[in-house]
Amino acid sequence: MMSVSNCKKKIEDMKNEDLALYFLQQQIGSNDDDSSVDSSVPTELNTINSSGGFAVVSRDKLSVKYTNVNLHGHDVGVIQSNNPAPTNTMIYYFEIFVKDAGAKGHISIGFTSNNFKMRRQPGWEPNSCGYHGDDGLLYCGHAKGEPFGPTYTSGDIVGAGINYAQRLFFFTKNAQLVGTAYKDNTMNPPLFPTIAVHSLNEEVHVNFGQKPFTFDLKEFEAQERMKQQVKIEEIPLPPNLSYGIVRSYLLHYGYEDTLDSFDMASRSTVPPICIAQENGIDEQEITYALNHRKTLRQLIRDGEIDTAFGKLREWYPQIVEDNTSATCFLLHSQKFIELVRVGALEEAVRYGRTELSTFFGLPVFQDLVKDCVALLAYERPLESSVGYLLKDSQREVVADTVNAMILSTNPNMKESKNCLHSYLERLLRQLTACCLERRSLSGDQGEAFQLQRVLSAGKRA
Amino acid sequence: MAASKKVITREEWEKKLNDVKIRKEDMNKLVMNFLVTEGFVEAAEKFRKESGTEHIDLATITDRMAVKKAVQSGNVEDAIEKVNDLNPEILDTNPQLYFHLQQQRLIELIRNGKIEEALEFAQEELAPRGEENQSFLEDLERTVALLAFEDVSNCPVGELLDISQRLKTASEVNAAILTSQSHEKDPKLPSLLKMLIWAQNQLDEKAAYPHIKDLSSAKLEDPVI
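Values in this document were obtained by computation on a predicted structure and should not be read as measured data.

Calculation criteria
- Residues numbered from 1 in each chain as written.
- Chains lettered and ligands numbered in written order.
- Predicted model: local features only at pLDDT ≥ 70, side-chain atom pairs only at ≥ 80, totals over all residues.
- Buried ≥ 20, exposed ≤ 12 C-beta atoms within 10 Å, placed from the backbone.
- Helix = DSSP H or I, 4+ residues; strand = E, 2+ residues; numbered from the N terminus.
- Pairing = 2+ DSSP bridges.
- UniProt positions renumbered as here; feature names shortened; annotations may be inferred.
- Arc of directions from axis to C-beta.
- Contact = placed C-beta atoms within 7 Å.
- Axes fitted to C-alpha atoms, helices over the stretch in contact; angles between N-to-C directions.

Draft legend 1. Representation of the pairing of strand β12 (residues 191-197) of chain A in the model. All names here are of chain A. Burial analysis of β12 places seven of its seven residues in the buried class, which makes it a mostly covered element. Of the two faces of β12, the one lined by Leu191, Pro193, Ile195 and Val197 and the one lined by Phe192, Thr194 and Ala196 are each fully buried. Bridge analysis of strand β3 (residues 77-80) against β12 gives four bridges, and the strand direction is antiparallel. Looking at the pairing, glycine 77 lines up with valine 197 of β12. In this structure, strand β5 (residues 108-113) lies alongside β12, joined through six bridges in antiparallel fashion. Residue pairing in the sheet places phenylalanine 111 in a bridge with proline 193 of β12.

Draft legend 2. Local environment of the UniProt feature "domain: CTLH" (unreviewed entry) in chain A. UniProt annotation of "domain: CTLH" (unreviewed entry) refers to residues 289-347 of chain A when read in the numbering used here. Across residues 289-347 of chain A, helical content stands at 78% and strand content at 0%; the span's end C-alpha atoms are separated by 34 Å.

Draft legend 3. Helix α5 (residues 76-86) of chain B, seen in detail. Residues and elements named next belong to chain B. Taken as a whole, α5 has its buried residues at Val76, Ala79, Ile80, Lys82 and Val83. One side of α5 holds all its buried residues, which, seen down the axis, span an arc of 165°. Among the structural elements, α4 (58-72), α6 (89-92), α7 (95-111) and α10 (163-180) are those in contact with the buried residues of α5.

Draft legend 4. Main features of the sheet that holds strand β2 (residues 63-66) of chain A. All names here are of chain A. Read from one edge to the other, the open sheet built from seven strands follows the order β1-β2-β13-β4-β9-β10-β11, with strand pairing classed as antiparallel. With one partner strand each, in any of the chains shown, β1 (55-57) and β11 (176-182) form the two edges of the open sheet. Averaged over neighbouring strand pairs, the angle between their axes works out to 20° when direction is ignored. One ladder, built from six bridges, connects strand β4 (residues 91-101) with strand β13 (residues 202-207); its direction is antiparallel.

Set out below in structure tokens:
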């Protein structure tokens, strides 16, 4: 048996060659729950950074009143929210209720940046934007406004929002959309929801979502999504592209029975679906060893690890000759898991001692080894934190690894990393990477792309 | 503005691609969704066995596919009966679909040279519906025009006899049944592929990076700078 340090070195050496390690690494971390919630959303008015003296913020920090007589343009009672508008959503929105328009109704709502001059109306200064109640004008970085919407006064509910997807600000009055304004590149996050009062007795209450909005934000968001979707749906696709991609997926993973049914059904439709065969070479690459791959997948899915090992030794001895390879490790750990599943714990312990202990302490393997061994600690392991090991998906990982390893033995395979990903997966990776990159180049504004959301969207309740 | 575009080399991009996490489960779901929505009943069942991916009740696909097939092979009467067996509300609440099916029936009668039957059917079944709706009437007139030509393959409305007309009607029925069953009528995969094209175009505005131009081979091409 090899010493641990020898083994470690060996792992380092293999790192570049052992394809199966890829599956192991993919698995690590896939069980991490990365649902970290960004908690810093606007919840109340910022009483520290406000134009003290001109206006008074209520105790609950959700309303503001101008208690002075205004004298000039530099004694505006401006208040920002405590936190900037979140950027990881498609749309951010908040509302105000004008309790009292006071002497002149110089009320405004909008967004301002970090270093905004806290004695001016939002919109009057650069990097700010505001919809003003007394004239209904929209101010975007100048003291001069543009015609925008109706004026608003006591009793009105006015809203301001950011549509990150369209790079627009939008404003509402009494549940109706008033209009939108282009959010240019100077208006970058952090942007603070901002309100201002500027004449005696003006009083405004703000709703950061703690109460339901009067504007139907859900519907608005759904419509915005639909607009984008319609644009995307208009893009033409080559005929039968999806068929070809599904077919190559079935080939790649060795789902041979499905493939046979799929092919038969495609041929019998009216008219028959013919999938372009121009890339015949690739086709050969993935039909390689189809039946062997299917058989091994079946065995692994049925938990028949010994038989799978046997077949591999017979058909592809090169894959299993090195007992310290990631493939062997995954198979051994799966065998261990199968023993635990059927309750053969003593046998599992014995098996673990002979086959798994060698992998202890090796960085890439140790997480899975630990989790496997931890199965022994629970009376009902399926309900434990390592219960994922007993799920079908774990068998699938092992089966996928073996599948990729067999593909890699194909002498015609030009690039071994082609064994790892089906066409479908490559396309989905490209899609995700494009969306993430675009978001990161736009200052991380807007919703991050998530395949799962797309997959679950559109399901009716 | 081209000068300010960020350039992402193939190496950097491949690293980003590698960092993306795609769950096998999600891809399986996507494939299952395709098989089910497109009506590959047997393949969907095999796929469930081979991949462990769950699917909706396949009996509903079988019925739906039987209707689709009936229209595709010209048995419109049979198709209408089957739709009504499934759910009579589908045709009751969808006069346009019902008209298109009847129109297809008329087309099939003309195709089979049953001129008398076709005329009777047009006058008794279709004309009254045409009176309710101008666009139905136009469709009816266009269809009846087929009778005026000896050589229909060369007549201006000849496309009605084309196989594509059957497919159009069949897919209309298919969508209506799916809607009535609260299933989505379109598979998700084509939308995602379109989204990929869209996302690549969007990113073009900001960066030069390796594209996948040919989706069918999923080949990554070097960035054009």
